[in-house]
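Spelled out, the chains give:
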Amino acid sequence: MHKPLIAGNWKMNTTIDQGAQLVMKLRELLKGIQDIEIVIAPPFTSLQHLNFLLADTAIKLSAQNLFWEKNGAYTGEVSGEMLRAVGCEYVIIGHSERRRYFGETDETVNKKILAALREGLKPIVCVGETLEEREAGRPVEKVSAQVRSALNGLGPGMVKDLVVAYEPVWAIGTGRNATPSQAEEVHDSIRELLYEEYGMAAVNDMRIIYGGSVKPTNIDSLMAQPNIDGVLVGGASLNAEDFARIVKFEKSPER
Ligand code: 13P
């Protein structure tokens, strides 16, 4: 059984002060929770300060991106080593917004995953089909291809800390979430692929989480699916009460 992972992707929201206010509320609301892994991904500019505010809590930090080189003349970029130094344990890689607005491809996503693992960061790798691909009946095909190229060159010993986030593009920020059974179908196919590539031992460790309009109102039914090991929350993670409710999802009897 996987420990559920509930992660908040703050995207390009919050100044340091706004982030600190949100974290102070989360500290209160999420005190004492141990059976869920809780992660927040604020903007780069807040990481160091929030790391300090989270020091005595179980809430972990993630970055939203990294560059694959160790250091050098890459104006505007941030390395894995820098992220580790400000307290990040996780890093989101290949979010659909980065693929769409910043030219990220399956190839750059693969390079970033290798760099993250080299620096001891746990990658949260985002994949997901567009509306056209879903309507053409090919979500599983598209997502499988993305997962295969993302993991190109990674051996079974390297993937246990890697998280796959299935985020259908049409469900992000639209208020239109995948139904639990739509999400479950794709998660099940990802699990099968991981099993074929890496065997049972690795798959027992790897988590597959869902993202796309996750809210307090749909979290319980999503988390009741056997292959949904957690969620990546965008908009609702900016509201402390909503995010706390999502973390405290109602556990179905199997969990
Ligand atoms: P929303 O929850 O706002 O749809 O965003 C999902 C997302 O992109 C998380 O990475």
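The preceding data block contains the structure.
The rules behind these values
Residues numbered from 1 in each chain as written. Predicted model: local features only at pLDDT ≥ 70, side-chain atom pairs only at ≥ 80, totals over all residues. Heavy atoms only, no water. Helix = DSSP H or I, 4+ residues; strand = E, 2+ residues; numbered from the N terminus. Rg over C-alpha atoms; globule rule 2.2 N^0.38 Å. Buried < 20%, exposed > 50% of the residue type's maximum accessible area, 1.4 Å probe, protein only. Near = heavy atom within 4 Å. Polar contact = N/O pair within 3.5 Å; in protein donor to acceptor, adjacent residues only side chain to side chain. Areas by Shrake-Rupley, 256 points an atom, 1.4 Å probe, with all protein chains shown as cover. Nonpolar A, V, L, I, M, F, W, Y, C, P; charged D, E, K, R; others polar. Salt bridge = Lys/Arg side-chain N within 4 Å of Asp/Glu carboxyl O. Pairing = 2+ DSSP bridges. Axes fitted to C-alpha atoms, helices over the stretch in contact; angles between N-to-C directions. Parallel < 35°, antiparallel > 145°, perpendicular 65-115°, else oblique. Contact = heavy atoms within 4.5 Å. Arc of directions from axis to C-beta.

A. Region of the structure containing the overall build of the protein. Each helix and strand counted, the protein has 10 helices and eight strands in total. Relative to the globule expectation of 18 Å for 255 residues, the C-alpha radius of gyration of the protein, 17 Å, shows essentially globular dimensions. Here the C-alpha coordinates of the protein stretch approximately 45 × 45 × 35 Å along the principal axes. By residue count, 51% of the 255 residues in the protein fall in the buried class.

B. Region of interest: the site of the ligand. Around the ligand, the neighbouring residues are N9, K11, H95, E167, A171, I172, G173, G212, S213, L232, G234 and G235. Contact distances for the ligand include 2.8 Å between an oxygen atom and a backbone N or O atom of S213. Between G234 and the ligand, the recorded distance is 2.9 Å, taken from a backbone N or O atom to an oxygen atom. Burial of the ligand by the protein chains amounts to 96% of its free accessible area of 310 Å². In terms of residue class, the shell around the ligand is built from three nonpolar, seven polar and two charged.

C. The arrangement of unusual backbone geometry in detail. Of note, K11 is a non-glycine position whose phi angle comes to about 55°, a positive value. Under the relative-accessibility criterion, K11 is labelled partly exposed at 21%. The phi angle at T14 is positive, at roughly 85°, despite the residue not being glycine. With respect to the secondary-structure elements, T14 resides in the loop between strand 1 (5–9) and helix 1 (16–29).

D. Fine view of the pattern of salt bridges. For the structure on display, the rule yields 21 salt bridges. Two residues, K251 and D35, come together in a salt bridge whose shortest N-O distance is 3.8 Å. You can see K251 sitting in the segment after helix 10 (240–247) and its partner D35 sitting in the loop between helix 1 and strand 2 (37–41), a full 216 residues away along the chain. With relative accessibility at 45%, the residue D35 sits in the partly exposed group. A salt bridge links E104 to R98, with the shortest nitrogen-to-oxygen separation between them at 2.7 Å. Residue classification places R98 among the partly exposed residues on the basis of a relative accessible area of 22%. Overlapping salt bridges bring together E37, K60, E89, K122 and R207 as one network.

E. Expanded view of the sheet that holds strand 6 (residues 163–166). The parallel closed barrel is built from eight strands, whose spatial order is 1-2-3-4-5-6-7-8. The average undirected angle you get between the axes of adjacent strands in this sheet is 25°. Where strand 1 and strand 8 (residues 230–233) come together, four bridges link them in parallel fashion. Across the sheet, the residue bridging to G8 is V233, located in strand 8.

F. Spatial organisation of the packing of helix 5 (residues 106–118) against helix 7 (residues 139–150). One way to put it is that helix 5 packs onto helix 7 with a least axis distance of 8 Å and a crossing angle of 45°. By the angle between their axes, helix 5 is oblique relative to helix 7. Between helix 5 and helix 7, the contacting residues are D106, V109, N110 and I113 on the first element and Q146, S149 and A150 on the second. Along the lines of polarity and charge, the residues of the contact of helix 5 with helix 7 split into three nonpolar, three polar and one charged.

G. Focus on helix 2 (residues 44–53). All of the buried residues along helix 2 are S46, L47, L50 and L53. Each buried residue of helix 2 lies within a common arc of 130° when the element is viewed along its axis, so the set occupies one face. Structural note: helix 2 exposes Q48 and F52 on the side pointing more than 90 degrees away from its buried face. In this structure, the buried residues of helix 2 make contact with helix 1, strand 3 (60–63), helix 3 (80–85) and strand 4 (88–93).

H. Inspection of the pairing of strand 1 at higher detail. Most of strand 1 sits out of view: five of its five residues are buried. Along strand 1, one buried face is formed by L5, A7 and N9 and the opposite face, lined by I6 and G8, is buried too. Sheet analysis places strand 1 next to strand 2, joined by five bridges and oriented parallel. By the bridge assignment for strand 2, A7 is matched with V39.

I. Representation of the side chain of H95 within the structure. Along the polypeptide, H95 turns up in the loop between strand 4 and helix 4 (96–101). Owing to a relative accessible area of 5%, H95 belongs among the buried residues under this scheme. Engagement of the side chain of H95 in a polar contact is seen with the backbone nitrogen of E97, the distance being 2.9 Å.

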